[in-house]
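# Descriptive analysis of the structure
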Amino acid sequence: MWDIILERGSYWAIIAVMMIGLYIAFSAENLIKRLVGLSLFQTTICLFYVKLANVANATAPVLLAEDMPKDAYGGEGVAELVHVYSNPLPHVLMLTAIVVGVATLSLGLALIVRINESYGTIEADEIYASDVKVQMAEDADAARTSGEVVR
Amino acid sequence: MILEPVLTSAPDWAVRHAAVLVVVVPMLLAPLLALSPSNRLAWILTVAGTAAAFWFSLILLAIIQEVPGSAISYALGNWEPPIGIEFRVDALNAMILVLITGMGALASFIAWPTLAAEFKGERLNLLLCAFLLCFAGLAGVAATGDAFNLFVFLEVSSLATYVLVAMGAGKDRRALPAAFSYLVMGTLGASFYVIGIGLLYAATGTLNMADIAEQMPGLSGNRSVQAGLAFILVGLGLKAAMWPLHQWLPNAYAYAPGFVSMFLSATATKVALYSLIRWLFTIFQPDRAFESAVLQWVLAPLAMAAMVICSVQAIFQTDVRRMLAYSSVAQVGYILLAISVGTAAGVSAGLLHLFTHALMKGALFMAVAGICFAYQGSTIRDFAGLGRSAPFTMAAFAIAGLSLIGVPLTAGFISKLQLGYALLDQGWWWAAVVLVFASFLSVIYIGRVLQAVFFEPPLNPRKNNKEAPLLLLIPLWILALVNIFYGIDAGFPAGLAADGAAAALGLGAAQ
């Protein structure tokens, strides 16, 4: 029982960090904190993929020469592992995902700057409150003018 | 066949590379637009780019229709799939491509009159650049046959969409928080999708969608695959505004610039729904216990909840754009309900409704964009009495509104009828009852606006203003007439939907 859980320790850690990120993205009132949570969530996806790519006792997916000395890079038995390397494809996918994440983060920050300029705050509840105030003023205005027409 | 002249007149290079050109042309034009010195030149290039993409997708459709049940496979960079990225276009992709490129061409057409007034003297070329990127991303989602490539295109289009929505801030600052919450929700949706892909990759070792589908029968009951399905369903459901994951949609559509909400309402959720159909039916076969339980016990109840709850919410909106946005969520519910039936008839009805909904919601949002331009307001109060001062705009609005309700002789009637047949075939009479009830609710919310438009005295201080600009009226009437035409002779879209459903379910040709 414990074996099964402990064997997947890194996955548990990834899930824990992922859920923390998701929770921050939902619960934080401060928009920047919300973005931080979102970034955390995206980063753990990268960790998840890198963990998926892992092959037991394998080296990095770097092409090594056939005549590589046995003690190259100070490691023992590198040469035996020439053909055992972790799967490079998920790493490459995550390069793309990181680019997407950076674009999202920078766009989000740019939006926050604009929100701060026009609302004077970056707290979600204060923004919501001032939107509600505008909406109520509009509705009251609508009720007044339609009342005039009836008269 | 109608499309034969398109194929015979097209040059050889266009026929051979149409599958990739439909994405590449708008995507490469976008950075050029950013460098364009004048707004007008940028707009002409945008129209040219979207029209070219529309032409390429018609060529694709013509090639597909020549040999029923065929698929075009295009190996990017000549790397053979499944190692390389594959663009794979079959009847389903071709239908979606024609829909989004066609609506995109119409949207770019109306961009000039509405934007030039909204952003006087500002540089529009960057905005149009974002629009073309969004367009290219959506076309890429519809054309690609690679699961991870689909994510990249989805994010290309989504990031451009956030920018476009935020551009509404010049008129109403509420566009900024709307864009921000769309960004958070949309990114979460895409991330969930990526997690799902990762789980599937762990089980199958491939990213090519056709290749994954081939390996699926051997993986029946695999937990990793089932978890992957759950993540993909939630991720794409967020992008498709599946109830209750739709919270980003009403504000985003209500505060975006007019032509943007017209384009998004007709395409963005549709593309996500397409990928959902692709995943649920082509890759996860729905005849297995877990998958069919997902369709029946997750999708169907959520779809019906969307149809009823969001229709009721639409009734209580004072802003016409918000009302239409809530109605969009309800219509996504109709489409998901049709999908959740799980039969060829159901998927075909869903695709048909997806097609007709794009036509009618596009026309409605276009008319509203015209009214926003000419009268500077979009509340129902602003619409009062417009039947007299803007008869052409409002007549088209009324036609599209009746189509949304599903009045006979409009396109909406045909698709709702198909949906009803598909539900009754399966013995889902309770779902058919909900369908009729939700249509009745749409009579109320559309009726409220039409009553104000045609039977109330004008309240808007600018009541002397006349019609929406001509550049907007022409595409608007094209859409309105198409709505009526397909209500009388639905052969073309119904054939597309039937072929698309057959392609999704892997049945070969429909007939």
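Residues numbered from 1 in each chain as written. Chains lettered and ligands numbered in written order. Predicted model: local features only at pLDDT ≥ 70, side-chain atom pairs only at ≥ 80, totals over all residues.

## Some remarks on the overall build of chain B
- Helix and strand counts for chain B come out as 21 helices and 2 strands.
- Looking at chain B as a whole, 66% of its 511 residues are labelled buried.
- Considering only intrachain contacts with a sequence separation of at least 6, the fraction spanning at least 24 residues in chain B is 80%. (Helix = DSSP H or I, 4+ residues; strand = E, 2+ residues; numbered from the N terminus. Buried ≥ 20, exposed ≤ 12 C-beta atoms within 10 Å, placed from the backbone. Contact = placed C-beta atoms within 7 Å.)

## Points about the interface of chain B and chain A
- Facing the 29 residues of chain B at the interface are 30 residues of chain A.
- Of all the secondary-structure elements, those providing two or more residues to the side of chain B that touches chain A are α6 (147-166) and α7 (175-204) of chain B.
- Residues belonging to the side of chain B that touches chain A are distributed by class as follows: 20 nonpolar, 5 polar and 4 charged. (Nonpolar A, V, L, I, M, F, W, Y, C, P; charged D, E, K, R; others polar.)

## Some remarks on the packing of helix α5 (residues 125-143) of chain B against helix α11 (residues 258-283) of chain B
Residue and element names in this part refer to chain B.
- Two numbers describe how α5 lies on α11: the axes approach to 9 Å, and their chain directions differ by 20°. With respect to α11, the axis of α5 lies roughly parallel. When you trace α5 past α11, the crossing you get is left-handed. The segment α5 lies against α11, with L138, V141 and A142 engaging T267, A268, V271, Y274 and S275.
- Here the contact of α5 with α11 is built from residues that sort into 6 nonpolar, 2 polar and no charged. (Axes fitted to C-alpha atoms, helices over the stretch in contact; angles between N-to-C directions. Parallel < 35°, antiparallel > 145°, perpendicular 65-115°, else oblique. Left-handed = near helix turned anticlockwise from the far one by under 90°.)

## Some details on the confidence of the model for chain B
- With 97% of its residues at a pLDDT of 70 or more, chain B shows a mean pLDDT of 86.
- Here the predicted complex scores 0.90 on pTM and 0.86 on ipTM. (pLDDT = per-residue confidence, 0-100.)

## Focus on unusual backbone geometry
All names here are of chain B.
- Between W243 and P244 the backbone carries a cis peptide bond, its omega angle lying at 0°.
- By the secondary structure assignment, P244 is in the loop between α9 (223-240) and α10 (249-255).
- One non-glycine residue, N78, lies in the positive phi region at around 60°.
- Residue placement: N78 occurs in the loop between β1 (72-75) and β2 (86-89).
- Positioned with a positive phi, L409 is a non-glycine residue whose angle comes to about 75°.
- Structurally, the position occupied by L409 is in the loop between α17 (391-405) and α18 (411-425).

## Concerning the environment of A367 of chain B
Residue and element names in this part refer to chain B.
- With respect to the secondary-structure elements, A367 resides in helix α14 (residues 344-375).
- A residue is classified by how many C-beta atoms lie within 10 Å of it, and A367, with 33 of them, is buried.
- Once the C-alpha coordinates of A367 and T393 are considered, the two residues, 26 residues apart in sequence, prove to be 6.1 Å apart.

## Here's the deal with helix α19 (residues 429-455) of chain B
All names here are of chain B.
- For α19, with 27 residues, the first-to-last C-alpha span of 37 Å sits near the 39 Å given by 1.5 Å per residue.
- The largest bend in α19 amounts to roughly 30° and is located at G447.
- All buried positions along α19 are accounted for by A431, V434, L435, A438, S439, L441, S442, Y445, I446, V449, A452 and V453.
- The elements touched by buried residues of α19 are α12 (289-315), α13 (320-341), α15 (380-383), α16 (386-389), α17 and α18. (Expected span 1.5 Å × (residues − 1). Bend = angle between axes of the 7 residues up to and from the residue.)

## As for helix α4 (residues 88-119) of chain A
- With 32 residues, α4 of chain A should reach 46 Å at 1.5 Å per residue; the first-to-last C-alpha distance of 46 Å fits that figure.
- Trailing α4 of chain A by a residue or two, G120 of chain A shows a phi angle of about 75°, which is positive.

## Description of the nonpolar core
Residue and element names in this part refer to chain B.
- Counting residues in each nonpolar core, the largest one holds 252 residues, and the members touching the most others are V22, L60, A139, V165, A179, A363 and A400.
- At 21 residues, α14 tops the list of elements feeding residues into this core.
- Filtering out sequence-adjacent residues up to four positions away, V22 remains in contact with A53, F56, S57, L60, L97, T101, A139 and A143. (Core = buried A, V, L, I, M, F, W, Y, C linked by C-beta atoms within 7 Å.)

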